[in-house]
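Next come the chains, spelled out residue by residue.
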Amino acid sequence: MTDISQIKDRFENALLAMNRVESRRILLGNSTHIDPVQLIEGVIVPVMEQIGQGWHQGSVALSQVYMGGRICEELVDSLLPPKSEQRKDRLRMAIAVLEDHHVLGKRVVYSTVRASGYELLDFGHGIHADELASRVLQDGIEVLLISTLMLPSALKVKDLRQKLDAAGAKVHIIVGGAPFIFDPQLSTDVGADAMGCNASDAIHLIRSYEEAHS
Amino acid sequence: MKPAAMTSLQRVLTSLGHQEPDRVPLFLLLTMHGARELGISIQEYFSKAENVVEGQMRMRAKFGQDCIYTFFYAPLEVEAWGAEVLYVEDGPPNSAQPFLRTESQIIRLEAPCIQDTVCLHKVLSAIQMLKARVTDQAPIIGVVMSPFSLPVMQMGFDKYLELIYEKPDLFWHLMQVNQEFCVAWANAQLAAGATAICYFDPVSSTTILPREKYLETGFKVARETIARIQGPTATHLASGRALPLLDDLAQTGTAIVGVSALEDLGQLKAVAGDKLTLLGNLNGIEMRHWTQEQAAAIVKESIRKAGRGGGFILADNHGEIPWQVSEETLLAISEAVRTYGNYPLDWIEDER
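Residues numbered from 1 in each chain as written. Chains lettered and ligands numbered in written order. Predicted model: local features only at pLDDT ≥ 70, side-chain atom pairs only at ≥ 80, totals over all residues.

Student: What exactly am I supposed to notice about the interface of chain B and chain A here?
Tutor: On the chain A side, the residues contacting the 27 residues of chain B number 23 residues. Every element with two or more residues in the side of chain B that touches chain A is listed here: strand S4 (91–95) and helix H9 (157–166) of chain B. Here the side of chain B that touches chain A gets four residues from one element, more than from any other, and that element is H9 of chain B. A class-by-class count of the residues in the side of chain B that touches chain A yields 11 nonpolar, 11 polar and five charged. (Contact = placed C-beta atoms within 7 Å. Helix = DSSP H or I, 4+ residues; strand = E, 2+ residues; numbered from the N terminus. Nonpolar A, V, L, I, M, F, W, Y, C, P; charged D, E, K, R; others polar.)

What follows is the structure, given as structure tokens:
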């Protein structure tokens, strides 16, 4: 039987090379004798975490995180189809790009979160604080992931927080993106509950929230 | 003996020659703050060349920076290609939806004519007026988006990465169209009076692409493009990491590289040697809550790490200081350069 750590190493190398065919072969080739959930939890999630940390430390490029995330998302959809009961969709979760139209960060996080077996709503980009607050209330969102690239957009998280607080909604806001990376104090300033430096941080933060509220 | 006071242009040129001028040059890369100086909105400010000329002159008089910066806003170039620009009250104008959505649009793409495009013409007018006012006292820094990084605004970052990796023929076609525009736009600014061109190229950073892919793509584009720009260039990675690329960047023919606050200036200086001048790396996002004491301490530390021997211009790390940074902080930075940046930097040894 193939050792899961060997699969991980080969899978990580294939992902960093952005080799979709090889990544698929390594993972799906083992899906007949390893449980799909075990492949996701034991291979895809840790490898994506490793790649995300590599980006934060400067050894991996964003293009590798993005393209790797897309490959993983496709693989997870093969292993666990979107309607699968094993998907973790009990948590009402959504993602959006506040104010601006830079969607790459959102797509990276969206793919990574889905590749970890979670389902989440995509509220799109260029959305203003008023509209986002309405969507969050309407859909009963518990965890909201917000991606920003521009500082003025990041500062608008404060408006969103105030609107949600005024409506009495207890929404867990997780922020990410360049302004928060360059200024770790910013997430506190705008009233976010947590900040992720990369997509794999988002997974940890979602899990922490789940554990604290289970 | 203390060197005689120099003009800003002399100071910058001396540092570029990896010699020590009278003090460390300071580039406060201010754009929107000019609107605050004039008491008008950011949108109104950028609507007329005369506003930007007046704003730049007032800011240089107030903060004493060693350059004039004729960068209006990042989406100016895609505006020239017909895209929409979104204005906000408290930040830089932003690009709206990408305008290249299909492969056939890329195939049919034609670059705009510079002289016939109102937004570009406005920038050229500003450069001409500024040149008449500053003469050779200070360098005028014009700006282009690199052909390699412009597609982020033309087609969206995600779609562009997919193009780079999955459709190389189409990618190179887009590079050809963008390159012709970039060269013409850079040379028009130089002809109008710009001293040098800042070549913004964040996609080339190892934050975005692995070095191997950069060497196949952005490096080749930069080397060809910069060779055709008829003046000196500074490559700016807009907060992206540069350390693993310094030797490659030097080979593109650029003289200066804008470096990130995520990297250590001392390490960057050691690798850059006399091949490149470093521009950076004050953290513009954090700058909005610096105290005057913090500003002074950070400027001092930057000079300690990179000031020796010239080859260093103090600036922010992104190429644009956020609107939220206060005048008091900018003045504190300016004052700190004049306190700690006077050559020779004997205080570094004295403090050891």
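Student: What is the right way to read the sheet that holds strand S6 (residues 196–200) of chain B from this model?
Tutor: Hydrogen bonds between backbone atoms are what pair the strands of a sheet, whose relative direction is either parallel or antiparallel. Read from one edge to the other, the open sheet built from eight strands follows the order S1-S10-S9-S8-S7-S6-S5-S2 (chain B), with strand pairing classed as parallel. Of all strands in the sheet, those with a lone pairing partner are strand S1 (26–27) and strand S2 (68–69) of chain B, marking the two edges. (Pairing = 2+ DSSP bridges.)

Student: How should I be thinking about the pairing of strand S1 (residues 93–97) of chain A in this particular structure?
Tutor: Moving residue by residue along a regular strand, the side chains alternate between the two faces of the sheet. Residues and elements named next belong to chain A. In terms of burial, S1 is a largely internal element, five of the five residues being buried. Here S1 shows a buried face lined by Met93, Ile95 and Val97 and a second buried face lined by Ala94 and Ala96. Relative to strand S3 (residues 143–147), S1 runs parallel, the two being bridged by five bridges. By the bridge assignment for S3, Ile95 is matched with Leu145. Alignment of S1 against strand S2 (residues 121–122), held across two bridges, turns out to be parallel. In the sheet register, Ala94 faces S2, and the bridge partner there is Leu121. With helix H5 (residues 104–115) bridging S1 and the parallel S2, this β-α-β connection has right-handed handedness. (Buried ≥ 20, exposed ≤ 12 C-beta atoms within 10 Å, placed from the backbone. Right-handed = clockwise from strand over helix to strand, strands pointing away.)

Student: Can you walk me through helix H3 (residues 36–57) of chain A in this structure?
Tutor: Along an α-helix, a turn takes 3.6 residues, which lines up residues three or four apart on a common side. Residues and elements named next belong to chain A. Taking 1.5 Å as the rise per residue, H3 with 22 residues should run 32 Å; its terminal C-alpha atoms sit 30 Å apart, in good agreement. Contact partners of the buried residues in H3: helix H1 (4–16), helix H2 (20–28), helix H4 (62–79), H5 and helix H11 (199–212). Gly58, located one to two residues past H3, shows a positive phi value of around 95°. (Expected span 1.5 Å × (residues − 1).)

Student: How should the nonpolar core be read in this particular structure?
Tutor: Among soluble globular proteins, nonpolar side chains are generally buried collectively. If you look at the biggest cluster of nonpolar residues, it comprises 186 residues, and the most contacted ones within it are Ile44 of chain A together with Leu278 of chain B. The residues that make up this core include at least three from each of domain 1 (4–79) and domain 2 (93–212) of chain A. (Core = buried A, V, L, I, M, F, W, Y, C linked by C-beta atoms within 7 Å. Domains from an automatic or database assignment.)

Student: What exactly am I supposed to notice about the domain arrangement of chain A here?
Tutor: Buried accessible area, meaning the area lost when the parts come together, often serves as the stated size of an interface. All names here are of chain A. Taken as a whole, chain A is organised into domain 1 (4–79) and domain 2 (93–212). Summarising the inter-unit geometry, the C-alpha centres of domain 1 and domain 2 are found 24 Å apart. Counting residues at the interface gives 16 residues for domain 1, matched by 15 residues for domain 2. Sort the elements by how many residues they give to the side of domain 1 that touches domain 2 and H3 lands first, with nine residues.

Student: How do you make sense of H1 of chain A when you look at a structure like this?
Tutor: Residues and elements named next belong to chain A. Between its first and last C-alpha atoms H1 spans 18 Å; for 13 residues at 1.5 Å apiece the expected length is 18 Å, and the two agree. Burial in H1 covers these residues: Phe11, Glu12, Ala14, Leu15 and Leu16. Where H1 is buried, its residues contact H2, H3 and H4. Met18 sits one or two positions beyond H1 and adopts a positive phi of about 55°.

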